[in-house]
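The lines below spell out each chain.
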Amino acid sequence: MTDVSDFTPVNILTGFLGSGKTTLLQRLLMDSALADTAVLINEFGEIGLDHHLLERLDAQTVLLQSGCLCCTIRGEMAEAMRDLYSRRERGLVPRFRRLVIETTGLADPFPVVTTINAEPVLKHHFRLGNVITTVDAVNGRRQLERHDESIKQIALADRIVITKTDIVEATEVAALDRWIRRLNPAAPMYRAAEDALDGATLLARDSFDLAVERTALRCWFGADIPSSVREQSNGHTHHLRNHHSEDIRAFALLFEQPLDWTMFGVWLSMLLNHYGDRILRVKGIVAVAGESAPVAIHGVQHLVHSPIHMRAWPDEDHRSRIVFIVQGLDQAKIERSLQTFLGHQAAMT
């Protein structure tokens, strides 16, 4: 099992321009549960923190009344993270146990994820937590039609927050909900105007909590994946297509029998190495031959996160369940390649 107790989790808050990232962040910063959290933002002025300030530690760092530490990003994100870590270790800023990064509205979140996992210094001190994506109920569908960044922000999300639902028709929100589910069927979805959102809901229970909490796994993997994704018919999973980009789809693979972990690991690594540009996301739980509990797997494009060895199954369904979000890849080709590696051991439903 991966020991990550000494690594600081990094939560990424992303979303397209005007989707409400800053408003959501301001709401979260008032939560005392984030007292041990540091936040990297582009500018203090954009978020209106003056009435929440407890102390200005220096020109780029303030301490809020909730105890949360906020720093502005000056230059590259990796440089800001290294500097913040250094100041924490030297006692120049209060110790924090979690970091939140707000991206720009036009950002593809994948390079941020890559930086955390691959930058020589950061990868020894930080780990990826949750990716939270805000989606504008007013403009979300048009943004999905026109901007690939919006699609990737949703595909990589662990939590999705739909904003401005109080100023649009319910039918429009329902239509947006369906679009999002086509791109990311597993991520829990919230509505900012209706749900009581806090730091524990959005930031906690990330993938590394899976080893100790069954409820964390159900939330992380999406126990409520719509039946249109999970149901099998004549050996084929129903394809979910985005109306804007017909080559983007989400599908799930189900396996009745436990899988050979070595062969599966080699296959997944080779798949992402060869087709990483077209695999936006893969995540799931795998029943491993010879093990009583499953392993949680998570990949983003070319990057494979360390597998998480669970203590128990989240429910009575002990089949392997793997969700792919791909672009320009045929599901049948992925199925055939995996079956070739596994031979006749894994009988797919």
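Residues numbered from 1 in each chain as written. Predicted model: local features only at pLDDT ≥ 70, side-chain atom pairs only at ≥ 80, totals over all residues. Heavy atoms only, no water.

**Observations concerning the overall build of the protein chain**
Counting its secondary structure elements, the protein chain contains 11 helices and 18 strands. Out of the 349 residues belonging to the protein chain, those deemed buried represent 53%. Partitioning the intrachain contacts of the protein chain with sequence separation of at least 6 by distance along the chain shows that 74% fall at a separation of at least 24. When the accessible surface of the protein chain is split by element, carbon and sulfur atoms take 49% of a total near 15,000 Å². (Helix = DSSP H or I, 4+ residues; strand = E, 2+ residues; numbered from the N terminus. Buried < 20%, exposed > 50% of the residue type's maximum accessible area, 1.4 Å probe, protein only. Contact = heavy atoms within 4.5 Å. Areas by Shrake-Rupley, 256 points an atom, 1.4 Å probe, with all protein chains shown as cover.)

**Digging into helix α1 (residues 21-29)**
Those residues of α1 that sit buried are Lys-21, Leu-24, Leu-25, Leu-28 and Leu-29. With its buried residues spanning 135 degrees around the axis, α1 presents them on a single face. (Arc of directions from axis to C-beta.)

**Describing the pattern of salt bridges**
Across all of its chains, the model carries 15 salt bridges by this definition. As a salt-bridge pair, Arg-87 and Asp-58 come within 2.7 Å of each other at their nearest N and O atoms. One end of the pair, Arg-87, is in helix α2 (residues 77-89); the other, Asp-58, is in strand β3 (residues 53-58), and 29 residues separate them in sequence. Residue class for Asp-58 comes out partly exposed when judged on its relative accessible area of 28%. Ionic pairing is found between Arg-191 and Glu-194, a salt bridge with its closest N-O pair at 4.0 Å. The exposure class of Arg-191 is partly exposed, given its relative accessible area of 28%. Look at the salt bridges and you will find they share partners, linking Asp-58, Asp-83 and Arg-87 into a network. (Salt bridge = Lys/Arg side-chain N within 4 Å of Asp/Glu carboxyl O.)

**Focus: unusual backbone geometry**
In this model, Lys-164 sits at a positive phi of 65 degrees, which is unusual for a non-glycine residue. Of note, Lys-164 is situated in the loop between β8 (159-163) and α6 (170-183). The class of Lys-164 is partly exposed, set by a relative accessible area of 29%.

**Considering the pairing of β3**
With four bridges connecting them, β3 and strand β4 (residues 61-64) associate as antiparallel partners. Bridging from a neighbouring strand, Leu-53 pairs with Leu-64 of β4. What sits between the antiparallel neighbours β3 and β4 is a turn of two residues. (Pairing = 2+ DSSP bridges.)

**What to know about the side chain of Thr-133**
Within the fold, Thr-133 resides in strand β7 (residues 126-136). Here Gln-153 takes part through its backbone oxygen, which lies 2.6 Å from a polar atom of the side chain of Thr-133. The contact partners of Thr-133, leaving out residues within four places of it in the chain, are Thr-14, Gly-15, Gln-153, Ile-154, Ala-157, Arg-159, Ile-160 and Val-161. (Polar contact = N/O pair within 3.5 Å; in protein donor to acceptor, adjacent residues only side chain to side chain.)

**Concerning the sheet that holds strand β6 (residues 98-102)**
Across the sheet, nine strands lie side by side as β3-β4-β5-β2-β6-β1-β7-β8-β9; this open sheet has mixed pairing. Each edge of the open sheet is held by one strand with a lone partner, namely β3 and β9 (189-191). Across this sheet, the average inter-strand angle for adjacent strands is 20 degrees, counted without regard to direction. Across five bridges, the pairing between β7 and β8 is parallel. Bridge assignment links Asp-136 to a residue of β8, and that residue is Thr-163. Docked against the sheet, α1 engages β1 (8-15), β2 (37-41), β4, β5 (69-72), β6, β7 and β8, running at close to 140 degrees with respect to β1. (Axes fitted to C-alpha atoms, helices over the stretch in contact; angles between N-to-C directions.)

**Topic: the environment of Arg-249**
One can find Arg-249 in strand β13 (residues 248-255). On the basis of relative accessible area, Arg-249 is assigned to the buried category, the value being 10%. Each C-alpha atom of the pair Arg-249 and Leu-183 lies 6.4 Å from the other, and the pair is 66 residues apart in sequence.

**Comments concerning the packing of aromatic side chains**
Tallying each qualifying case throughout the model produces five aromatic pairs. Seen in terms of ring centroids, Trp-267 and Phe-324 are 6.4 Å apart; in terms of plane orientation they differ by 80 degrees. Their pairing is edge-to-face. Here Trp-267 is found in helix α10 (residues 261-275), whereas its partner Phe-324 is found in strand β18 (residues 320-327), with 57 residues between them in sequence. Owing to a relative accessible area of 0%, Phe-324 belongs among the buried residues under this scheme. Taken together, the aromatic side chains of Phe-251, Trp-261, Phe-264, Trp-267 and Phe-324 make up a single cluster linked through ring pairs. (Phe/Tyr/Trp six-rings, centres within 6.5 Å; stacked < 30°, edge-to-face > 60°.)

**Describing the nonpolar core**
In terms of nonpolar packing, the biggest core is built from 33 residues, with Leu-40, Leu-69, Met-81, Leu-84, Leu-99, Ile-116 and Phe-126 touching the most fellow members. Contributing elements (two or more residues each) for this core: β1, β2, β5, α2, β6, α3 (110-118) and β7. A total of six residues in this core trace back to one element, the largest contributor, which is α2. Discounting chain neighbours no more than four positions away, the residues touching Phe-126 are Phe-7, Thr-8, Val-10, Met-81, Tyr-85, Leu-99 and Ile-116. (Core = buried A, V, L, I, M, F, W, Y, C linked by side-chain atoms within 4.5 Å.)

**Quick look at the pairing of β5**
Burial along β5 is two-sided: the residues Leu-69 and Cys-71 and Cys-70 and Thr-72 are all buried. Both β2 and β5 contribute to a ladder of four bridges, which runs parallel. Its bridge partner lying in β5, Ile-41 is registered against Thr-72. Pairing of β4 with β5, which is carried by three bridges, proceeds in the antiparallel orientation. When the bridges of β5 are listed, Thr-61 appears paired with Cys-71. What sits between β4 and β5 in their antiparallel hairpin is a turn of four residues, with Gly-67 showing a positive phi close to 95 degrees.

The analysis is restricted to geometry; functional conclusions fall outside its scope.
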